[in-house]
Amino acid sequence: MKNLQQSLNQIRVLFLALPLLIASSIAQGNDFPTAAPEDVGVSSERLQRLSNTMQRYIDSNMLAGTVSLVSRNGKVIHVESQGWKNKESGEPMTDDSIFVIMSMTKPIVSTALMMLYEEGHFLLTDPITDWIPELEGKQVVIEENGTNYRMSAHRPITFRHVLSHTSGVDPSREVLTEEELALLPRKATLEETLINRAPLPLSFHPGDDWQYGSSTDYVALLVERISGRSLVDYLQEKILDPLQMHDTSYIVPQDKIDRVAAVYSPSGPERTIELFRTTEYRETTYFGGVAGLSSTVSDYWRFSQMLLNGGELDGVRLLSPKTVNLMISNHSGENDVYIRGPGYTFGLGFGLVNDAGTARDPLTPGTFSWGGAWGTIFWVDPVENMIGIMMTQITSYRHLSVRQDVGVTAMQAIIDSYSNKPYSVAPYAKLD
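One structure accompanies this document, and this report is about it. (Residues numbered from 1 in each chain as written. Predicted model: local features only at pLDDT ≥ 70, side-chain atom pairs only at ≥ 80, totals over all residues. Heavy atoms only, no water.)

**Some remarks on the overall build of the protein chain**
Here is step 1 of the chain: The secondary structure content of the protein chain amounts to eleven helices and 16 strands.
Here is step 2 of the chain: Taking 432 residues into account, the globule formula puts the C-alpha radius of gyration at 22 Å, and the protein chain, at 23 Å, falls close to it.
Here is step 3 of the chain: Classification of the 432 residues of the protein chain by burial places 53% in the buried group.
Here is step 4 of the chain: Long-range contacts, defined here as pairs at least 24 residues apart, represent 69% of the contacts in the protein chain between residues at least 6 apart.
Here is step 5 of the chain: For the protein chain, the accessible surface area stands at approximately 19,000 Å², while carbon and sulfur atoms represent 52% of it.
Here is step 6 of the chain: Computing the positive centroid from 35 side-chain charges and the negative centroid from 51, the protein chain places the two 4 Å apart. (Helix = DSSP H or I, 4+ residues; strand = E, 2+ residues; numbered from the N terminus. Rg over C-alpha atoms; globule rule 2.2 N^0.38 Å. Buried < 20%, exposed > 50% of the residue type's maximum accessible area, 1.4 Å probe, protein only. Contact = heavy atoms within 4.5 Å. Areas by Shrake-Rupley, 256 points an atom, 1.4 Å probe, with all protein chains shown as cover. Lys, Arg positive; Asp, Glu negative; His and termini not counted. Charge placed at Lys NZ, Arg CZ, Asp CG, Glu CD.)

**Comments concerning the packing of helix α3 (residues 105-118) against helix α7 (residues 215-227)**
Here is step 1 of the chain: Between α3 and α7, the shortest axis-to-axis distance is 9 Å and the interhelical angle comes to 35 degrees. Crossing hand, α3 versus α7: left-handed. Touching K106, V109, S110, A112, L113 and L116 of α3 are T216, V219, A220, L222, V223, I226 and S227, all from α7.
Here is step 2 of the chain: Among the residues making up the contact of α3 with α7, the classes are represented as nine nonpolar, three polar and one charged. (Axes fitted to C-alpha atoms, helices over the stretch in contact; angles between N-to-C directions. Left-handed = near helix turned anticlockwise from the far one by under 90°. Nonpolar A, V, L, I, M, F, W, Y, C, P; charged D, E, K, R; others polar.)

**Let's talk about the pairing of strand β14 (residues 368-371)**
On a regular strand, each side chain points to the face opposite its neighbour's, so the side chains alternate between the two faces of the sheet.
Here is step 1 of the chain: Side chains F368 and W370 project from β14 onto one buried face, and the interleaved S369 and G371 project onto a second face that is buried too.
Here is step 2 of the chain: In this structure, strand β13 (residues 351-353) lies alongside β14, joined through two bridges in antiparallel fashion. Looking at the pairing, G351 lines up with S369 of β14.
Here is step 3 of the chain: Judged from the four bridges that link them, β14 and strand β15 (residues 377-381) form a sheet pairing that is antiparallel. Each bridged residue has a counterpart across the sheet, and for S369 the counterpart in β15 is W379.
Here is step 4 of the chain: Once β14 ends, the chain turns through five residues before running back antiparallel as β15, passing G375 with a positive phi of about 100 degrees. (Pairing = 2+ DSSP bridges.)

Written as structure tokens, this is what we have:
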């Protein structure tokens, strides 16, 4: 009888400890801390709507698979892989699947340049020709009444311009000469490419407009010129290794290729998906700022949480909170951030929600975010102390609202809003 009671007590202890053991296992496997949604003011029942929504896209053959993540107060409260990493081969999506993140490369490279800013190498108002003199003497194309002419730029391209996409470095092909068009093709390296394009005119006077394009490639080249190191080495030493982003790279190693998600295209009947690109090892010597990195939800969460913490994670500080505040402030003025639509401005590497009444994304004003051309998205909400990430691989997603749906289902799950409480980082407001 005594032995039986001891056995029952042991079972009871194991039963009570099981949730903690499971949470510990999840945290260890995904490399992040976890919590129950209710512990951080979120309804687990309502949060299930996120999973249900992703599954509808998969069941209707609009997406092959997704990995979604939501965290609050530094704890991951939802991470789920759904669907297929490779539908044709029957490989299920996994939490550690690797995705080509395309333009979600931009915030990481922009952070690298701002780390050099903190070391005192430049001011945001300094001309980038201090470090890239090959760009001296830029002309601007002026289009009037169906014709165009060129004039000297009213002001030099500054660090702020390339970080905020107000540089004008991407002229329309229609206004270029045959000789100039020949300068556009990509060379073997980023530096060769940009220096080869140096004679090209600007599409507007720097600071006068907002244009999505290759500005962050110039950010990447500035990182190389100022640090005296390759972009790959600088990112590895200063950001990826310190944040333990072990699965983020420009070249996915051979031993991780089986974790890479296949890419799909909405080219089937009624825009259903068809296989676009299979998984294979790819070498490159071109390491850009616009795109190029591959990553996981776990790695990108660590980067996002560092920003939400004011530049620090797990005792490792990359930036000052003051610098993060500067990066998530409006640097694009009243210019139209057309790629995200109304309600957005642009900071130094991030799109910023500034008007909930006009923005398509249902996120709190002050939220900073960006996405990738193959469907990935992340956002950081300093007001609600929440992060959302969704990874998928589809070459065109404009016909879908999946990225906005992540925001809808995460926001509606909040049952204790922090909107009337202090928060960790915030954009600087323009005072009247």
